[in-house]
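Spelled out from the first residue to the last, the chains are:
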Amino acid sequence: MPAPRVALVSLGCKVNQNEVEALKHLFQEAGYQVVPFPEEADVYVVHTCTVTHISDRKSRQLIRRAIRANPEAVVAVTGCYAQVAPGEVLAIPGVDLVVGTRDRHRLVELVARAREGAAPINAVRPHEKGEPFEELPLVEVSRARAFLKIQEGCQEFCTYCIVPYARGPLRSRDPELIRAEVRRLVDAGYLEIVLTGVHTGAYGRDLAGDIDLAGLLKNLVQVPGLRRLRISSIDPLDFTPELKAVLTGEGIICPHFHIPLQSGDDVILGRMGRRYTGQYYLELIASLRSGRPGAAFTSDVMVGFPGETEAQFQNTLAVVKEASLAGIHVFPYSPRRGTPAAAMPGQVAAEVKKDRERRLLQLGRRLSRQYAREFLAQTLDVLVEGPLPGCPDCQEGLTGNYLRVAFPAPVDLTGQLVPVRLQELRGSLIWGKLEKDVSDRQENGWRGRT
């Protein structure tokens with residue numbers, strides 16, 4: 001008989017995207033043929049997100065799209081929305097299995113039960129303190145950069161955030177397993193490894209012994225052959241003196257730090273449950289910048305939190321501007337059922353949130369271009385991610401400080417670090433020129449893998 005077909009799709013953050021790649025690997029090991037979503041398949045897996053109400057809606061839309069693609073197929077739903085609202089998911093006619101953010105390693109087994117005709121299965125289990133980090137296969141999802149999840153869960157309980165309910169308590173991966181994975185990835189030819197997690201800066205707090213993110217990084221930068229190590233996001237209060245020292249003192253660590261701000265107004269930060277001030281944030285950025293001149297600082301910023309006035313929004317604009325951020329992700333506040341902020345008075349009108357989002361994005365684009373211009377006429381190493389869409393004779397990739405660069409190239413250089421002289425800023429893309437002939441370079445990257 002032909003192999004059963006499975007189609008998987010994911011919404012949301014990089015953690016979700018990497019997890020769905022791991023789930024694909026589990027199905028392949030079980031003899032399934034993975035087909036693109038939403039092609040006809042025997043099984044559909046929808047990996048959901050719940051960070052905003054829009055994420056919930058998009059999750060439901062994808063579930064219904066899977067059901068329509070083949071009404072006879074088994075439809076399994078996992079991820080954050082499934083974890084916090086399994087009843088809503090099971091109420092959608094055609095859903096056969098709900099798993100959530102726990103027990104994903106059992107997904108193939110549970111799908112087999114559903115394919116045997118079992119009634120809709122609710123396999124969601126609540127998270128518990130002390131539960132172990134769930135090991136999923138590390139899958140090479142990019143030909144240039146490898147993403148390595150080191151931590152799961154969060155227990156900060158910011159008043160607007162559903163993530164602690166969806167992802168559960170802190171669980172850190174064993175540092176020796178992390179180091180072994182890094183060695184394997186380096187041996188496979190990867191030149192950049194990105195460390196990801198739900199609350200990455202809290203790494204190690206749940207582990208026995210004296211281990212934290214700073215200690216882990218000190219260990220990993222010693223792996224022979226590693227050229228770049230990038231950290232996905234670190235909260236402002238996670239910057240210990242030891243962490244600052246390793247981030248600013250180790251050249252292997254990319255000079256790009258994503259530090260969520262959320263708001264530049266102290267009153268709003270307090271109501272959010274964020275235990276720092278706008279001034280603390282600015283001093284943190286200044287301290288790190290003095291240690292890594294030229295580093296890129298990017299951030300997440302929320303607009304329209306309950307009670308936010310125009311004057312308080314102006315405080316956010318002022319902090320973003322003074323911090324000279326190289327990029328920002330802007331999120332209009334979205335009430336999440338069960339979080340304290342959802343019941344707060346002073347909910348901001350949708351049109352006001354949309355206007356503030358527009359103005360903040362406009363400032364963000366200006367600051368991004370301002371930062372990028374500082375590097376024109378310089379030569380930086382670019383990790384090539386592949387051909388530039390629409391330009392078959394061009395390549396694109398990322399510098400260590402997260403500038404996206406395109407340049408003409410005679411051959412595919414995917415996975416290699418190449419020197420590029422940055423020449424011109426066009427929109428959000430910097431165009432440059434290869435500094436020397438690299439067409440025959442075989443010693444690093446994808447072209448050197450066996």
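All values reported here derive from a predicted model rather than from experimental measurement.

**Things to note about the overall build of the protein chain**
Reasoning step 1: Regarding its fold elements, the protein chain presents 13 helices and 18 strands.
Reasoning step 2: The C-alpha radius of gyration computed for the protein chain amounts to 23 Å, which stays within 12% of the reference 22 Å derived for 450 residues, consistent with globular compactness.
Reasoning step 3: Burial statistics for the protein chain: of 450 residues in total, 55% are counted as buried.
Reasoning step 4: By sequence separation, contacts in the protein chain at least 24 residues apart represent 71% of the contacts at least 6 residues apart.
Reasoning step 5: Put simply, the protein chain has 56 plus and 53 minus side-chain charges, and the middle of one group is 4 Å from the middle of the other.

**A few points about the confidence of the model for the protein chain**
Reasoning step 1: Summarising the model, the protein chain shows a mean pLDDT of 93, and 96% of its residues fall at 70 or more.
Reasoning step 2: Segment residues 440-450: pLDDT under 50, and 26 contacts once partners within four positions in sequence are set aside and those in other chains are kept.

**A closer look at the state of the cysteines**
Reasoning step 1: In total, this model carries one disulfide according to the counting rule given.
Reasoning step 2: Paired by a disulfide, Cys391 and Cys394 hold their sulfur atoms 2.1 Å apart.
Reasoning step 3: A relative accessible area of 22% means that Cys391 is categorised as partly exposed.
Reasoning step 4: A residue is classified by how much of its surface remains accessible, and Cys394, at 7% relative accessible area, is buried.
Reasoning step 5: We note that Cys80 lacks a disulfide partner, and the nearest cysteine sulfur, in Cys49, lies 6.2 Å from it.
Reasoning step 6: Free cysteine Cys161: the closest other cysteine sulfur is in Cys158, separated by 6.2 Å.

**Some words on the packing of helix α1 (residues 14-29) against helix α5 (residues 107-115)**
Reasoning step 1: For the pair α1 and α5, the least separation of the axes is 9 Å and the interaxial angle reads 60 degrees. When the interaxial angle is binned, α1 and α5 end up oblique. Contacts from Leu23, Leu26 and Phe27 of α1 reach α5 at Leu107, Val108 and Val111.
Reasoning step 2: Tallied by class, the residues present in the contact of α1 with α5 amount to six nonpolar, no polar and no charged.

**Things to note about the domain arrangement of the protein chain**
Reasoning step 1: Taken domain by domain, the protein chain consists of domain 1 (5-123), domain 2 (130-254) and domain 3 (378-434).
Reasoning step 2: One C-alpha centre belongs to domain 2, the other to domain 3; they are set 27 Å apart.
Reasoning step 3: Counting from both sides, the interface comprises nine residues of domain 2 and, opposite them, 14 residues of domain 3.
Reasoning step 4: Overall, the association of domain 2 and domain 3 removes approximately 960 Å² of surface from exposure, summing both partners, and the carbon and sulfur fraction of that is 54%.
Reasoning step 5: Considering only the surface of domain 2 that becomes buried against domain 3, Arg143, Arg145 and Arg228 emerge as the three largest contributors, covering 49% of it.
Reasoning step 6: Our count for the domain 2 to domain 3 interface comes out at one salt bridge.
Reasoning step 7: Counting every contact that joins domain 2 to domain 3 gives five residue pairs in polar contact (both at pLDDT 80 or more).

**Brief notes about a nonpolar patch on the surface**
Reasoning step 1: Taken together, the side chains of Val84, Phe157 and Tyr165 make up a nonpolar region of the molecular surface, amounting to roughly 250 Å² of accessible area.
Reasoning step 2: Considering the arrangement of structural elements, one finds Tyr165 in helix α6 (residues 163-167).
Reasoning step 3: Residue classification places Tyr165 among the partly exposed positions, given a relative accessible area of 37%.

**Concerning the environment of Pro335**
Reasoning step 1: Checked against the element boundaries, Pro335 lands in the loop between β13 (327-332) and α13 (350-373).
Reasoning step 2: Residue classification places Pro335 among the partly exposed residues on the basis of a relative accessible area of 35%.
Reasoning step 3: Measuring from C-alpha to C-alpha, the distance between Pro335 and Leu90 comes to 22 Å, with 245 residues separating the pair along the chain.
Reasoning step 4: With sequence-adjacent residues up to four places away left out, Pro335 is seen in contact with Ala342 and Gln347.

**What about the sheet that holds strand β11 (residues 256-258)?**
Reasoning step 1: Pairing is parallel in the open sheet, where three strands are placed in the order β11-β12-β13. Either end of the sheet is taken by a strand with one partner, and the two such strands are β11 and β13. The mean inter-strand angle of the sheet, taken between neighbouring strand axes irrespective of direction, is 15 degrees.
Reasoning step 2: In this sheet, strand β12 (residues 296-303) lies alongside β11 in parallel orientation, the contact comprising three bridges. The residue bridging Phe257 from the neighbouring strand is Phe297, located in β12.

How each quantity is defined
- Residues numbered from 1 in each chain as written.
- Predicted model: local features only at pLDDT ≥ 70, side-chain atom pairs only at ≥ 80, totals over all residues.
- Heavy atoms only, no water.
- Helix = DSSP H or I, 4+ residues; strand = E, 2+ residues; numbered from the N terminus.
- Rg over C-alpha atoms; globule rule 2.2 N^0.38 Å.
- Buried < 20%, exposed > 50% of the residue type's maximum accessible area, 1.4 Å probe, protein only.
- Contact = heavy atoms within 4.5 Å.
- Lys, Arg positive; Asp, Glu negative; His and termini not counted.
- Charge placed at Lys NZ, Arg CZ, Asp CG, Glu CD.
- pLDDT = per-residue confidence, 0-100.
- Disulfide = S-S within 2.5 Å.
- Axes fitted to C-alpha atoms, helices over the stretch in contact; angles between N-to-C directions.
- Parallel < 35°, antiparallel > 145°, perpendicular 65-115°, else oblique.
- Nonpolar A, V, L, I, M, F, W, Y, C, P; charged D, E, K, R; others polar.
- Domains from an automatic or database assignment.
- Buried area = accessible area lost by both parts, 1.4 Å probe.
- Salt bridge = Lys/Arg side-chain N within 4 Å of Asp/Glu carboxyl O.
- Polar contact = N/O pair within 3.5 Å; in protein donor to acceptor, adjacent residues only side chain to side chain.
- Patch = residues over 30% accessible without salt bridge, like charges linked within 9 Å, V, L, I, M, F, W, Y side chains within 5 Å.
- Areas by Shrake-Rupley, 256 points an atom, 1.4 Å probe, with all protein chains shown as cover.
- Pairing = 2+ DSSP bridges.

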